[in-house]
Each structure stands twice: as C-alpha cells, then as structure tokens.
Amino acid sequence: MGECEVDGEEKLIAAANYLLQELRSGKSLSRNAKKALGSLLSELSRVVVAIPEDNNRYEGDEIETRLNLVCEKIMTREVDETMIWDLGSDAGSEFLDAVNELRVLIDRLDGTEEEVSLRKAHDVLQTAMARLEDEFKHLLVENRLPFELEHASFRSEQALGEGSFGAASTEDLILGSSNGNNNSRRRNSEEILVRPEVISDLKSIAETMFASGYDRECIQVCTTVRKQALDEFLYDHEVEKLSIEDVLKMDWATLNTNIKKWVRVMRNIVQVYLVSEKSLLTQIFGEETCFVDTVKAPVMQLLNFGEAVSLGPRQPEKLLRILEMYELASELLPEIDALFSESSSVRGEYREVMRRLGDCARATFLEFKGAIASDVSSHPFPGGAVHPLTNYVMNYLMALTDFSQTLDSLLMEHDDVEDLTIPPSPDVMVVVEEESAYENSSSTSPEKFLAMTKHFYSITSVLESNLEEKAKLYRDVSLRHIFLLNNIHYMTRKVLKSELKHIFGDKWNRKHTWKFQQQATEYERSTWLPVLSFLKDDASGSGSGSGSRSLKPRERFQGFNTAFEEVYKAQTGWLISDERLREDVRTKASMWVIQAYWTFYSRHKNSVSERYIKYSTDDLEKLLLDLFAGSSKSLNNSYRR
C-alpha cells in the first residue's frame, strides 16, 4: 500500500472518530448538518458488509460486533430529526435493512445467555419501530392527494308551484333527468389517493413492522390517517356530523340542502372513494387488513343522516328527495355488497337504512292523497283561475314520473299483487272507470307501472272532487264553470305535455278533454243565454214573470246593453291564463253574441232611435276581447252615442 493511500485512510479514520465524538457530545445540529450526515450515512451503508444469508455464520464476537454496528446505525437516525424517506427511498431501504438485520440478530441471541445484548437489541428494535411508525405516518400524510367530487349530473330544477301544503311547496326540487339510468354519472376508474411513487415504500415499512410483531401499531396509524382524510373530505364538502335530533329539527329549506349534499357525496364516496381506499390499503398490506375500520365511522355518519330523514314527518314536499335518496341507495347496493363482507355491520346497516327510506317514501306518497282531500278552502280562488292545489298536484305527479320504476316497485310491495284495485271511496266508480280506460288504451302498456298508475288515477280523482267543492264557493254559476274549465284543462294539458301521457293513456285524455269542453259549453249557456234573451222577438226580458208584457225593441236594446255591461264588468276580472283556451272561449262567445245581435239589429235598426243602439257589432267584438284578462273594467258611458 502506498504512502498516499495510508495517509488517506488515516485521515478518513481521524475524520470518522471526530464525527463520532461530535455526535456523542449531544450538541444540537443544524438542518444542513443533518442532511450532510444523512448523505454520509447512505454512502457508508454501501460499504458496510451486508447481512449474511446464513444466520449460523454469526458466531461469538461476530454477533456482538454486528449488533453494535446495526444498533449504532439505527440510533444514529434518532439524533437526526430529518425524516428518513425525505432523503430518498434508498436511505429508507438502508434503514429497513438495518432493522431487518437487527431482527435476525435478536433471533440468534434468543435462548442464549447474552441477556444484556438481547435487552439492548429489543430496546433498539422498539426505538426503530417507533421511528418507522412516524415515517409511515409522514409518508401517508405528506403524499396524500386531494379527492374532488365529480360534477354530479343533477336533475333539472323544477318548481312545483305555490301549492296548498305550506310554504315549503314553493321550494325547487332538484331531480334526476332519467329514471334508473345513472351510468352517465359514474366514474369508470379509481381515484389516486396517495402518490404512486411512495406505495412501495409504505409497503416495505408495513412488511418490516409486521415481521417485527408491530402489525397492530402499523395498522392503527394507517387507520387513523386514512380515516382523518375521509373526515376532512366530508368536512370540506360541508357534510356535518348531525344527530338524529338535529336533522328532525331542521326546516325544509335546510334539510333540502343537506339532502342534495348527501346524494352527491354518497355517490362519489361509494363509487369512487371507497373503491380507491380499498385498493390503496390492499396495495400496502396485501389484504383487506383495515379497510372496514378505516371507513366505518364516516360511512355510518352518512347512513345516520339517511335514517334521520326516514324518521321525519311525512310531508309531501319531502317525497321527491326521499325517493332520490332511496333510488341512489338501491343503485349503490351492489357496490356496497362488493366492498363489505356479508358479516360486516356496515353492510347490514346500509340495507336497513335503504329499507327505511323506501318505507318512508311509500308512506309519504300514500298520505299525499289524504292531504289533497283535506285541503279545504273557505273563500273562492280569485278570478276562477287555476287553483294552487291543482298546480301543485299536477307538477308533483310530473316530477314523480322521474322515479316511475322505483315508485311503482315500492307501491307494488304495499298493494295486493293479485288485486290492485283502489280501496272504496266516494270516487271509487270514477277511479275504476278511468283505470279501465287506461288498461284499454292502445298507446300505453298496462303491464308497466301498474301500481303507480292506479294510485295516480285515484289522486286525480280526489283532486277533481276537491275542485268541485271549491267551485261551489262561487256565487256566480258562470264563474264556477270557468273555474272548473281552467283547472280540468290545466290537468289535461299537463298530462298531454309530459311523461304523464304514458301513465294516464289516451282515453283518460279524451275523457278529460270532453270534461273541460263541457264546462265551456255550460259557461256559454249560463252567461249568454240570459243576455241574448233580450234579442229574441218573443223576449219578455230576463227575470220577468210569465205574465209580463212583451218588450218593445228599444227596451230590448236597453236590456241587452245593461246585461252585456254587467257581464263585461264581471268577466274582464276573471282569468283564463292559458292563451289558446282564452281565445277559444272568447271566439265562441263572440259567435253567440255577434250573430244574435246582428240579426236583431238588422231587423229593428230603422224602427229604433240610434240613442238606444249603444253598440255596433264591431264594438261588441272588440269588447269581448277584454274578457278573462284578470283585470276588471267598467264601460260606464264611454260607448253612449
């Protein structure tokens, strides 16, 4: 060996002794010094003799020598606050090699008389496990990736209108665009929850801790960190930890908002997050070691909210949301079964909550009909317009068609499968007749959604009966007919222009078209026959007794003018909001009035002074266009010639 080589080796030994002296002095080290020492340690590890494959090669003093070297290598890291894996995977692998060698040495010392050395080895191993636990946690926390909710494809907002079941009925209920087909909202791949490059390091740490008998500690730290990640995800998306009492105390607006959050989060957590979490833990541990313990509490938090919703009051405005929750729970059931074993309490609780949501949805729907029947008015609705109850019920039924398959299934469970007839009621004959019309309709399939269809028939029958009672509140018979005309026409139009047409069928539509046309005819008779009676040659005047003398032509003109002006004043304030229907009613009224007035005018215009002929046919035609606009007008003397 040359002098230069000897000199270099002496300097290396001197430097090493100096480093040992400094490290043992207990002085605090700067971060730069720690990093430099870490790099030095990595280089030293490359030249240190590897662990012998044959444990029997450790004999006598060699075991002690190896033990001291390995213990020193491990304890050197204890004075360095830098996380080992922050220096790179190679530094981490070297530390694990030292720990694994220490475990081999412990096995060799076990059963020997080297109690002091064995105790020292166990103490160092315990220190190493504590360090690995910290390193494991550090890798999990620092390499966690954010999990973002996908943009859920919520159903278009649809206001039910101002119904008669309280202020909550005006809330917008966000519903799904298609029933039973939510694949468009499904993610097709797992989400990466932890940076892939550290998975192998996490797995290596876990394997070493498991082999050293510290599997419980490793699993515990992983469970804690990953559970915290899921808790933070829920917190970031405003999913609060709510008790059943908290949910039951919520007003509808708050509950509605929370249900929307629940639906969105539940879909993403089950379809993506839990699948990804299970995959991550399997990659680290090689089996489903702690998946259930990691996710159980957050999942139960979501299920507890579903249970609380199912226990709330059966209010109509909640039904659509509850159906949405139940439908989602049903859709996700196969994935829950795949994620959790049959013996898992999570799987059992999930099924129970789903059942309760279904029971709640069914009970709420069945009580809806009773709510319609019990909606009593003490005053007539202004202008004979479409009543808020009609608006609410029909929009409600329209919204329910988004859940046709789900609702029909729930109602089928309730009804007698062999006999799905509606229970006896004052409207039973109407219901049965309309059901028959549905089943004989050539454009619909009576086998599809049969249970839901029969209940829908019953609901509209109850609604019509309620409207007939409300119509009796009007003193003016003509206004009763306008009220029923408006409401039955609205019902029919809603059916024809929505998916309801497939539920009710063509014959129901034809029958109700006939019904509102009949109301229009009754209106024409009750309104215009008395007015036009003045224009008949044998007229004795409206309201005259049977023995009254015949009126002279000028008196007939005067009587007509007065009667027409009374109708005008009243019926300009009435409202037919549907433009086409309003024009049809005006046109028919014009046909009645103009033809009769022109005939009478042509016959008597030369024998009656112009001062009694107040209106021309053009005047009357224009005035009739003011009817049913919802703004009362008076003619006064504006048309006096």
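Residues numbered from 1 in each chain as written. Predicted model: local features only at pLDDT ≥ 70, side-chain atom pairs only at ≥ 80, totals over all residues. Heavy atoms only, no water.

When helices and strands are tallied, the protein chain shows 21 helices and two strands. Here the protein chain holds 641 residues, and the buried ones make up 48% of them. Partitioning the intrachain contacts of the protein chain with sequence separation of at least 6 by distance along the chain shows that 80% fall at a separation of at least 24. (Helix = DSSP H or I, 4+ residues; strand = E, 2+ residues; numbered from the N terminus. Buried < 20%, exposed > 50% of the residue type's maximum accessible area, 1.4 Å probe, protein only. Contact = heavy atoms within 4.5 Å.)

The next subject is the pattern of salt bridges. Evaluated as defined, the whole model comprises 23 salt bridges. With a shortest N-O distance of 2.9 Å, Arg 131 and Glu 135 are connected by a salt bridge. Of this pair, Arg 131 and Glu 135 both sit in helix α5 (residues 115-142), four residues apart, which is roughly one turn of that helix. Residue Glu 135 is classed as buried on the basis of its relative accessible area, which comes to 0%. Here Lys 261 makes a salt bridge to Glu 238, at a shortest N to O gap of 3.3 Å. With Lys 261 in helix α9 (residues 252-285) and Glu 238 in the loop between α7 (215-236) and α8 (244-248), the pair connects residues that are 23 residues apart, well separated along the chain. Judged by its relative accessible area of 22%, Lys 261 falls in the partly exposed class. The network of salt bridges with common partners includes Glu 307, Glu 352, Arg 355, Arg 356, Asp 359 and Arg 362. (Salt bridge = Lys/Arg side-chain N within 4 Å of Asp/Glu carboxyl O.)

Overall, the prediction assigns the protein chain a mean pLDDT of 81, with 78% of residues at 70 or greater. Contacts for the low-pLDDT stretch residues 48-57, under 50 throughout, to residues beyond four places or in other chains number 15 contacts. Segment residues 543-549: pLDDT under 50, and three contacts once partners within four positions in sequence are set aside and those in other chains are kept. (pLDDT = per-residue confidence, 0-100.)

We now examine the packing of helix α18 (residues 500-532) against helix α19 (residues 553-571). Running from N to C, α18 and α19 point in directions that differ by 150°, and their axes come no closer than 8 Å. In terms of orientation, α18 lies roughly antiparallel with respect to α19. Of the residues in α19, those touching α18 at Tyr 523, Thr 527, Trp 528, Val 531 and Leu 532 are Phe 560, Ala 563, Phe 564, Val 567 and Gln 571. Looking at the contact of α18 with α19 residue by residue, the class counts come to eight nonpolar, two polar and no charged. (Axes fitted to C-alpha atoms, helices over the stretch in contact; angles between N-to-C directions. Parallel < 35°, antiparallel > 145°, perpendicular 65-115°, else oblique. Nonpolar A, V, L, I, M, F, W, Y, C, P; charged D, E, K, R; others polar.)

For helix α6 (residues 199-211), which comprises 13 residues, the first-to-last C-alpha distance of 18 Å matches the rise-based estimate of 18 Å (1.5 Å per residue) to within 8%. Listed in full, the buried residues belonging to α6 are Ile 199, Asp 201, Leu 202, Ile 205, Ala 206, Thr 208 and Met 209. Close packing links the buried residues of α6 with α4 (89-109), α5, α7 and α9. Following α6 by one or two positions, Gly 213 has its phi on the positive side, about 85°. (Expected span 1.5 Å × (residues − 1).)

With that settled, the discussion passes to the environment of Ala 589. Tracing the backbone shows Ala 589 in helix α20 (residues 579-604). The class for Ala 589 is buried, based on a relative accessible area of 0%. As a C-alpha pair, Ala 589 and Arg 525 span 64 residues in sequence and 9.9 Å in three-dimensional space. Apart from residues lying up to four places away in sequence, Ala 589 is in contact with Trp 528 and Leu 624.

Now for the layout of surface pockets. Estimates place the volume of the second largest pocket at around 390 Å³. If you list the elements that add at least two residues to the lining of the second largest pocket, you get α17 (477-496), α18 and α20. Its residues placed into classes, the lining of the second largest pocket shows six nonpolar, four polar and six charged. (1 Å grid on protein atoms, 1.4 Å probe; cavity = no way out; pocket = protein on both sides within 12 Å on 5 of 7 lines; lining within 4 Å. Points joined across faces, edges and corners; volume = space filled by probe spheres on them.)

A few words now on the nonpolar core. Among the nonpolar cores identified, the biggest contains 169 residues, and Phe 136 and Trp 528 are the most heavily contacted of them. Setting aside residues no more than four positions away along its own chain, Trp 528 makes contact with Tyr 523, Phe 564, Val 567, Ala 589, Trp 592, Val 593, Leu 624 and Leu 627. (Core = buried A, V, L, I, M, F, W, Y, C linked by side-chain atoms within 4.5 Å.)

The next subject is unusual backbone geometry. With glycine set apart, most residues show a phi of negative sign, and most peptide bonds adopt trans. Here Glu 238, not a glycine, exhibits a phi torsion of approximately 60°, which is positive. Within the chain, Phe 628 stands out as a residue other than glycine whose phi angle is a positive 65°. Structurally, Phe 628 can be placed in the segment after α21 (617-624). Residue classification places Phe 628 among the buried positions, given a relative accessible area of 0%.

Another point: the packing of aromatic side chains. For the coordinates displayed, the defined rule picks out 23 aromatic pairs. Consider the rings of Phe 210 and Phe 285, whose centres lie 5.8 Å apart with planes at 35°: the pair is tilted. Here Phe 285 lies in helix α9 and Phe 210 lies in helix α6, a separation of 75 residues in the sequence. A relative accessible area of 30% places Phe 210 in the partly exposed class. Here Phe 285 falls in the buried class, since its relative accessible area comes to 12%. (Phe/Tyr/Trp six-rings, centres within 6.5 Å; stacked < 30°, edge-to-face > 60°.)

Under the definition given, this model contains zero disulfides. Counting only cysteine sulfurs, Cys 290 is the nearest neighbor of Cys 222, a cysteine outside any disulfide, at a range of 4.4 Å. (Disulfide = S-S within 2.5 Å.)

Turning next to the packing of helix α10 (residues 291-311) against helix α12 (residues 345-373). Viewed as axis vectors pointing N to C, α10 and α12 meet at an angle of 20°, and their least axial separation amounts to 9 Å. Relative to α12, α10 is oriented roughly parallel. With respect to the hand of their crossing, α10 and α12 are arranged in left-handed fashion. Touching Lys 296, Val 299, Met 300, Leu 303, Gly 306, Glu 307, Val 309 and Ser 310 of α10 are Ser 345, Val 346, Glu 349, Tyr 350, Val 353, Arg 356, Leu 357 and Cys 360, all from α12. In terms of residue class, the contact of α10 with α12 is made up of nine nonpolar, three polar and four charged. (Left-handed = near helix turned anticlockwise from the far one by under 90°.)

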